[in-house]
Amino acid sequence: MENVFFEKIDIVNKFLSIEFLGNELYSIFLAIIVFFVVYFWLKFIMKHVHNAIKVYTQNKTEENIGITLLNFIKILPKWFFLMIEIYIPLKILKLPDKIDFVVNVLFLFVVTIQIIRFVVKIFTFFLSGLFKKKNMKEDKTAKKTIQMIVNILVWIIGILIFLTNIWIDLTPLVASLWVASIAVAFALQNILSDLFASFSIIMSRPFNVWDYIVVWEWSQERAGTVKDINLKATHLLSVAWQEIVIPNGNILSTEVINYGQMTHRRKRFKVWVTYQIAAKKLKKIPEILEKVIDKIDFTTFERCYLNELNSYSIDFYISYDIEQPEYLLSLDIHERVLLWIIEAFEKEWIEFAYPTQTLYKYDLKK
């Protein structure tokens with residue numbers, strides 16, 4: 001019985017040792033088994049990925065890194081999984097050198113493409129989180145610009161790594177690119193300066209789109225609402241509906257006043273009264289002005305004091321806060337403050353001063 005058993009084993013070994021297309025049948029059968037194992041294993045993983053996505057989307061409304069990763073795996077093309085299922089069994093077989101090289105290059109190329117797509121997806125996720133974290137207003141230009149540049153850099157680096165791994169000598173190419181980049185940098189100094197300035201503006205966010213800003217440059221005031229921030233310049237829309245284009249490099253080199261980040265506004269102004277008013281009434285003026293300002297909504301009285309004795313008037317300095325940042329609302333409130341001050345002064349018989357000169361004529365004959 002033992003001899004029969006060993007004879008059968010020997011027959012099986014001889015059968016499996018038969019070569020077909022340069023490979024033993026044993027290796028071919030093993031490759032087929034590995035193919036089905038990998039196929040069902042990947043199918044099992046994808047099933048759990050779909051279930052995990054359902055669980056995440058039911059429990060969380062905001063996308064996180066886990067959901068991003070699972071969604072990326074979900075959208076991987078079917079031919080990519082087929083490539084893996086074929087490549088792993090083929091590595092068990094003995095292939096001609098040229099065919100083996102083509103298979104390796106093709107597989108490495110496909111994997112490199114998917115890794116590049118994955119890295120781009122991760123960078124996009126973190127950039128979106130950065131924009132939300134800084135509470136940025138809708139600024140599609142800035143977001144698209146950064147994403148475009150990140151995509152270009154990732155693809156260039158990925159392709160260079162791929163070419164290096166297939167034993168292509170990139171030293172002459174890198175040296176040529178280095179020399180060319182230096183020449184281009186010198187030729188495009190101003191453009192590159194504005195480019196890096198745009199990155200600084202986009203990342204540090206001294207102002208957002210739709211903010212009203214004042215730019216001081218060459219001792220000239222440039223003011224307007226930010227319409228767009230692109231790679232070259234920042235576009236402002238003035239009050240007179242004129243478009244002002246300022247290079248980003250110039251903006252970084254000068255002062256910028258941003259009214260879009262205001263939480264409230266402070267108003268300061270002066271009131272001139274005549275010298276004919278008695279001292280008792282002068283002392284009552286700060287109290288009168290405080291009552292006027294406190295009666296108006298969204299206002300907080302700060303201070304009022306006698307500021308100066310001019311040649312034709314007595315000056316009072318008034319300061320108060322408007323608890324809302326809207327410009328039109330501040331105009332409306334200040335108008336009411338001024339009208340109510342006029343009414344209050346009329347009731348108290350307090351006269352406003354204006355530039356006048358009094359001439360006294362003496363009769364020398366008397």
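Predicted, not measured: the structure shown is a model, and the values here were computed from it.

With that out of the way, let us pick up the overall build of the chain. Helix and strand counts for the chain come out as eleven helices and ten strands. For the chain, the residues scored as buried account for 30% of the 366 residues in total. A separation threshold of at least 6 residues defines the contact pool for the chain, and within that pool the share at least 24 residues apart is 64%. Here the chain displays about 25400 Å² of accessible surface, and carbon together with sulfur accounts for 65% of that area.

For the rest of this paragraph, the subject is a nonpolar patch on the surface. Taken together, the side chains of Phe29, Ile32, Phe36, Tyr39 and Phe40 make up a nonpolar region of the molecular surface, amounting to roughly 480 Å² of accessible area. The residue tyrosine 39 is located in helix α2 (residues 25–59) in this model. The class for tyrosine 39 is partly exposed, based on a relative accessible area of 31%.

This brings us to unusual backbone geometry. We note that tryptophan 210 has phi near 80°; this positive angle belongs to a residue other than glycine. With respect to the helices and strands, tryptophan 210 occurs in the loop between α8 (189–204) and β3 (212–217).

A word on the sheet that holds strand β9 (residues 299–309). Within the open sheet, the three strands sit side by side as β8-β10-β9. Their pairing is antiparallel. Only two strands of the sheet have a single partner each, and these edge strands are β8 (265–273) and β9. Direction aside, neighbouring strands of the sheet carry axes that sit 20° apart on average. The pairing of β8 with strand β10 (residues 314–322) spans nine bridges and is antiparallel. Note on β10: the bridge partner recorded for arginine 268 is serine 319. The strands touched by helix α10 (residues 279–294) within the sheet are β8, β9 and β10, with β9 carrying the most contacts at an inclination of about 155°. Across the sheet, helix α11 (residues 327–347) is in contact with β8, β9 and β10; its angle to β8 comes to roughly 25°.

Right, let's get into the environment of leucine 42. Along the chain, the position of leucine 42 falls in helix α2. C-alpha of leucine 42 to C-alpha of leucine 82: the two residues are 40 residues apart in sequence and 9.8 Å apart in space.

Here the focus is the environment of asparagine 165. Relative to the helices and strands, asparagine 165 is located in helix α6 (residues 140–165). Take asparagine 165: its relative accessible area is 41%, and that puts it in the partly exposed class. Distance in space between the C-alpha atoms of asparagine 165 and leucine 108 is 8.5 Å, their sequence separation being 57 residues.

Moving on: the packing of aromatic side chains. Any two aromatic rings considered together are summarised by their centre-to-centre distance and by the angle between their planes. Counted by the stated rule, this structure contains four aromatic pairs. The interplanar angle of 85° and the centroid separation of 6.3 Å between the aromatic rings of phenylalanine 269 and tyrosine 320 together place this pair among those described as edge-to-face. Remark: tyrosine 320 occurs in strand β10 and phenylalanine 269 occurs in strand β8; sequence separation between them is 51 residues. In this pair, the class of phenylalanine 269 matches that of tyrosine 320, namely buried.

Orientation of α10 relative to α11, taken along the N-to-C sense of each, is 135°, at an axis distance of 10 Å. For the element pair α10 / α11, the angle class is oblique. Seen along the crossing, α10 lies across α11 with a hand that is right-handed. Facing Ile285, Ile288, Leu289, Val292 and Ile293 of α10, the residues of α11 in contact are Val337, Trp340, Ile341, Ala344 and Phe345.

Ranked by internal contacts, the top residues of the largest apolar core, which has 24 residues, are Val273, Ile285, Val337 and Phe345. Elements represented by at least two residues in this core include exactly β8, α10, β9, β10 and α11. The biggest single contributor to this core is α10, with six residues. Discounting chain neighbours no more than four positions away, the residues touching valine 273 are Leu282, Ile285, Ser313, Ile314, Phe316, Phe345, Ile350, Glu351, Phe352 and Ala353. In terms of nonpolar packing, the next biggest core, distinct from the first, is built from 17 residues, Ile201, Val215, Ile244 and Ile251 among them.

Looking now at the confidence of the model for the chain. Of all residues in the chain, 69% have pLDDT values of 70 or greater, and the mean over the chain is 76. The secondary-structure element of the chain with the lowest mean pLDDT is helix α1 (residues 2–16), recorded at 53, while β10 shows the highest, at 92.

With that settled, the discussion passes to α11. Taking 1.5 Å of rise per residue, the 21 residues of α11 would be expected to cover 30 Å, and the 31 Å separating its terminal C-alpha atoms lies within 8% of that figure. Of all the positions in α11, only Ser330, Ile333, His334, Val337, Ile341, Ala344 and Phe345 are classed as buried. Mapping the buried residues of α11 onto a view down its axis gives an arc of 105°, with all of them on the same face. Seen from the buried face of α11, the exposed residues on the opposite side, beyond 90 degrees, are Leu328, Glu346 and Lys347. Tryptophan 349 sits one or two positions beyond α11 and adopts a positive phi of about 55°.

The rules behind the values
- Residues numbered from 1 in each chain as written.
- Predicted model: local features only at pLDDT ≥ 70, side-chain atom pairs only at ≥ 80, totals over all residues.
- Heavy atoms only, no water.
- Helix = DSSP H or I, 4+ residues; strand = E, 2+ residues; numbered from the N terminus.
- Buried < 20%, exposed > 50% of the residue type's maximum accessible area, 1.4 Å probe, protein only.
- Contact = heavy atoms within 4.5 Å.
- Areas by Shrake-Rupley, 256 points an atom, 1.4 Å probe, with all protein chains shown as cover.
- Patch = residues over 30% accessible without salt bridge, like charges linked within 9 Å, V, L, I, M, F, W, Y side chains within 5 Å.
- Salt bridge = Lys/Arg side-chain N within 4 Å of Asp/Glu carboxyl O.
- Pairing = 2+ DSSP bridges.
- Axes fitted to C-alpha atoms, helices over the stretch in contact; angles between N-to-C directions.
- Phe/Tyr/Trp six-rings, centres within 6.5 Å; stacked < 30°, edge-to-face > 60°.
- Parallel < 35°, antiparallel > 145°, perpendicular 65-115°, else oblique.
- Left-handed = near helix turned anticlockwise from the far one by under 90°.
- Core = buried A, V, L, I, M, F, W, Y, C linked by side-chain atoms within 4.5 Å.
- pLDDT = per-residue confidence, 0-100.
- Expected span 1.5 Å × (residues − 1).
- Arc of directions from axis to C-beta.

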